[in-house]
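Breakdown of the fold
Below are the chains, spelled out letter by letter.
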Amino acid sequence: MITRFAPSPTGHLHVGGARTALFSWALARAMGGRFLVRIEDTDQARSSMEAVEGLLEDLHWLGMDWDEGPALGEVGGDPRGIGPFFQSERTDRYDTAIQQLLERDLAYPAFETPEELDALRAEAQREKRNFRYLRPDGWDRDAALERWQAGEPCVIRFRMPRSDVTVEDAILGSVPFEAEQLDDFVLRKRDGFPTYHLAVVVDDEQMGVSHVLRGQEHLNNTPKHMALQHALGYRVPVFGHLPVIQNADGSKMSKRDKDKTARAFTKEAGVDPVTLPIESDRLARWLGDKRGQLETSELDALAAALGLVLPEITVEDFRRGGYLPEVVVNFLALLGWSPGEKLEDGRDLERFDPGFLAERFSLDRVGRSNARFDRAKLLAFNQETIGAMDEDAFAARWSGWLRRYAPAAVSTELDVPLFLRATRPRSRTLADPTAPDGPGAFALSSDEGFGYDDKAVTKWLAKGDPSGFVRLAELRQTVAEIEPFSPDAIEASIASWCEAREIGMGKAAQPLRVAVTGSAASPALGDTLAILGRESVLARIDRCLGEQA
RNA sequence: GUCCCCAUCGUCUAGCGGUCUAGGACUCCGCCCUUUCAAGGCGGCAACACGGGUUCGAGUCCCGUUGGGGAUGCCA
């Protein structure tokens, strides 16, 4: 068995692609087969080398390895001599295939311009007809070949056989397609590059791919691919079409969602284009073209300029968001696959690592219905995994994330182990401890840099008899003398202070907490104060007393 | 419009004709614990889209309706 993942390098790996890759990888691993990666860069306008590198790194980060394909460290290579793995470097092979088809009159040049085709489509739509391109009956082959030979710009189309095709899908079963629905699709574009349809068929054959897993959005393409395979005398691989991953609103979760969100927001915001970080002609074109896509960097810049939060779509988005790769893999695997096993206590087995998938994955347990991507559940999985790690493992993961995404977030003076002890149980992602509104925010601002929550001040400091301010002033003295200034000693000292006055801990803890963090919620009091350090705590108490009382 | 796919709690799913008064997870809501917020423990709400068949028996099989999704590109 040979499976493959064949992304087009137009940006980071998105979650749909990640799941396709994951299932393909897991299938090969579970069946003792091979898994290869191929880069489908036939769209010259949109492909880039940075995207290739990003894609490979995303795959690697998720824990997948490939036996054949572009090299990334130890992974990849070409042991069978089936490369290159970039379609842009395989054009001779596509030309050969096209030549064969042309000679047998199974393919032919077509000279309509894109504009003419657009017009034909528009006309068909007006008349509520289905447009499909077919070679006319009285077509003059010699004349067409002559024009082609003369170098007239054209595309090469496949002569789709006028017969019904049934796709035997390993997930969906038999899927019939009527001949009337199939048209003479393009094999080679005007720019000389093959279309996806031709390239994928040629490469899968030449690379010996036996099982093709892909999203259901490709199901309609499959009869075309099968017809091509028959025409070229190729083997037909086993196809498996995976259900679509949907957004919360039920639409397909796609890379273009970022463009979609940004486009809608830009139009609505009604800002002067000159103030935006994108050249105005390009911006106008993008705004007017639903199919147009900006580069990731452009989108990020635009979002920043507009104060817009782009939807998380790519693996990199989730990595930046502080999700763990094994959790992403686990969650993605559950979107359309389940092990179908119960634990001893009657719960479903649903938490597993990539190794489990690689051992147990099978096509017969892949679902057929679309699945919505539920952030809440992903977050819950991430939190649970973070909570279950031992301290060192968590610290290592967290600092790895910090170095990559927020190297300046914490000062060198911070007691990191203590900080993490306090923030980890309150964190759902690696980004949470240092998030601006996260559980560790109080420790990351200067003594003057945070604001006081009015409600908290009123409730815990202004009210009461004696008031919180009065207690706070008394506590200041106690706090100044705690030795050592450790969580346990602080807790013990405050507790005995309360005991002596026969009052509950809350009467002391809350005024203190509000004074040093500005809010009524923070980690345990001992941890909170110890993280700040005595000096900072006293400074904040003084500030509070002076500013709020 | 046309073609294709799909249909169990709000969401992800288990269920492959009787063991289903439909199980689990997430979310949500209570209660406990508690110096706050979390975490943790316990409990609760919540689904077989509808209509016909087939069958002794249907969430499970068939057909239709409705609903959702995908495709309809010289993108992949």
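The structure contained in this document is the topic of the report that follows. (Residues numbered from 1 in each chain as written. Chains lettered and ligands numbered in written order. Predicted model: local features only at pLDDT ≥ 70, side-chain atom pairs only at ≥ 80, totals over all residues. Heavy atoms only, no water.)

**Re the overall build of chain A**
Helix and strand content of chain A: 23 helices and 13 strands. Taking 549 residues into account, the globule formula puts the C-alpha radius of gyration at 24 Å, and chain A, at 31 Å, lies well above it. Its C-alpha atoms put chain A at 105 × 60 × 40 Å along the principal axes. The buried share of chain A, taken over its 549 residues, is 50%. Across chain A, contacts joining residues at least 24 apart in sequence account for 74% of those joining residues at least 6 apart. About 26100 Å² of surface is accessible on chain A, with carbon and sulfur atoms providing 49% of the total. Distance between charge centres in chain A, computed from 67 positive and 88 negative side chains, equals 4 Å. (Helix = DSSP H or I, 4+ residues; strand = E, 2+ residues; numbered from the N terminus. Rg over C-alpha atoms; globule rule 2.2 N^0.38 Å. Buried < 20%, exposed > 50% of the residue type's maximum accessible area, 1.4 Å probe, protein only. Contact = heavy atoms within 4.5 Å. Areas by Shrake-Rupley, 256 points an atom, 1.4 Å probe, with all protein chains shown as cover. Lys, Arg positive; Asp, Glu negative; His and termini not counted. Charge placed at Lys NZ, Arg CZ, Asp CG, Glu CD.)

**As for the pattern of salt bridges**
The full count for this structure, using the stated rule, is 39 salt bridges. Residues Arg540 and Asp447 are paired through a salt bridge, measuring 2.8 Å at the closest nitrogen-oxygen approach. Here Arg540, found in helix α23 (residues 534-548), pairs with Asp447, found in the loop between α17 (441-444) and α18 (454-462); they are 93 residues apart in sequence, far enough to count as distant. The shortest N-O distance in the salt bridge between Glu483 and Arg534 comes to 2.9 Å. Remark: Arg534 occurs in helix α23 and Glu483 occurs in the loop between α19 (468-481) and α20 (487-501); sequence separation between them is 51 residues. (Salt bridge = Lys/Arg side-chain N within 4 Å of Asp/Glu carboxyl O.)

**Observations regarding helix α14 (residues 375-388)**
In this model, α14 (14 residues) spans 20 Å end to end at C-alpha, consistent with the 20 Å of a helix rising 1.5 Å per residue. In the core, the buried residues of α14 are packed alongside α11 (315-320), α12 (325-334) and α15 (391-405). (Expected span 1.5 Å × (residues − 1).)

**A short note on the packing of aromatic side chains**
In this structure the tally under the stated criterion is twelve aromatic pairs. Taken together, Phe23, Trp337, Phe352, Phe356 and Phe361 form an aromatic cluster joined through their ring pairs. The ring of Tyr108 has Arg135 sitting right over it, with the charged end atom 4.9 Å from the ring centre. Between Arg157 and the ring centre of Tyr133, over which it is positioned, the NZ or CZ distance is 3.7 Å. (Phe/Tyr/Trp six-rings, centres within 6.5 Å; stacked < 30°, edge-to-face > 60°. Lys NZ or Arg CZ within 6 Å of the ring centre and 35° of its normal.)

**Observations regarding the sheet that holds strand β9 (residues 186-188)**
Here three strands make up an open sheet; going across it, the order is β5-β6-β9 and the pairing antiparallel. Bordering the open sheet on either side are β5 (107-110) and β9, each of which pairs with just one other strand. Between one strand axis and the next, the sheet turns by 45° as a mean value, whatever way the strands run. Here β5 pairs with strand β6 (residues 155-158) via four bridges, running antiparallel. (Pairing = 2+ DSSP bridges. Axes fitted to C-alpha atoms, helices over the stretch in contact; angles between N-to-C directions.)

**With respect to the packing of helix α6 (residues 196-206) against helix α7 (residues 222-232)**
At a minimum axis distance of 10 Å, the contact between α6 and α7 shows a crossing angle of 55°. The orientation of α6 relative to α7 falls into the category oblique. For the element pair α6 and α7, the recorded crossing hand is right-handed. Contacts between α6 and α7 pair Tyr196, His197, Leu198, Val200 and Val201 from the former with Lys224, His225, Leu228, Gln229 and Leu232 from the latter. (Parallel < 35°, antiparallel > 145°, perpendicular 65-115°, else oblique. Left-handed = near helix turned anticlockwise from the far one by under 90°.)

**Thoughts on the protein's contact with RNA strand B**
Around RNA strand B, a shell composed of 71 residues is seen, among which Asn130, Lys189, Asp348, Glu350 and Glu491 lie nearest. Across the atoms of RNA strand B situated within 4 Å of the protein, the share located in sugar and phosphate is 67%. The side chain of Glu491 places a nitrogen or oxygen atom 2.4 Å from a base oxygen of RNA strand B. Elements that contribute at least two residues to the surface near RNA strand B include exactly α4 (114-126), β6, β8 (173-177), β13 (371-372), α14 and α21 (505-517). Counted by class, the surface near RNA strand B contains 24 nonpolar, 22 polar and 25 charged residues. (Near = heavy atom within 4 Å. Polar contact = N/O pair within 3.5 Å; in protein donor to acceptor, adjacent residues only side chain to side chain. Nonpolar A, V, L, I, M, F, W, Y, C, P; charged D, E, K, R; others polar.)

**Remarks on unusual backbone geometry**
Each neighbour pair has its own omega, and for Gly83 with Pro84 the value is 0°, a cis peptide bond. Along the chain, Pro84 turns up in the loop between β4 (75-77) and α3 (91-103). A cis geometry characterises the amide bond from Asp465 onward to Pro466, with omega recorded as 0°. Inspection of the secondary structure assignment puts Pro466 in the loop between α18 and α19. In this structure, Asp105 takes a positive phi of about 60° despite not being glycine. Here Asp105 lies in the loop between α3 and β5. Residue classification places Asp105 among the buried positions, given a relative accessible area of 17%. For Lys128, which is not a glycine, the phi torsion comes out positive at approximately 55°. With respect to the helices and strands, the residue Lys128 is situated in the loop between α4 and α5 (141-149).

**Focus: the environment of Arg424**
Tracing the chain through its elements places Arg424 in the loop between α16 (416-423) and α17. Classification of Arg424 as buried rests on a relative accessible area of 14%. Setting aside its immediate chain neighbours within four residues, Arg424 contacts Ile386, Gly387, Met389, Asp390, Glu391 and Phe394. Here the side chain of Arg424 touches Met389 through a polar contact of 2.8 Å, landing on its backbone oxygen.

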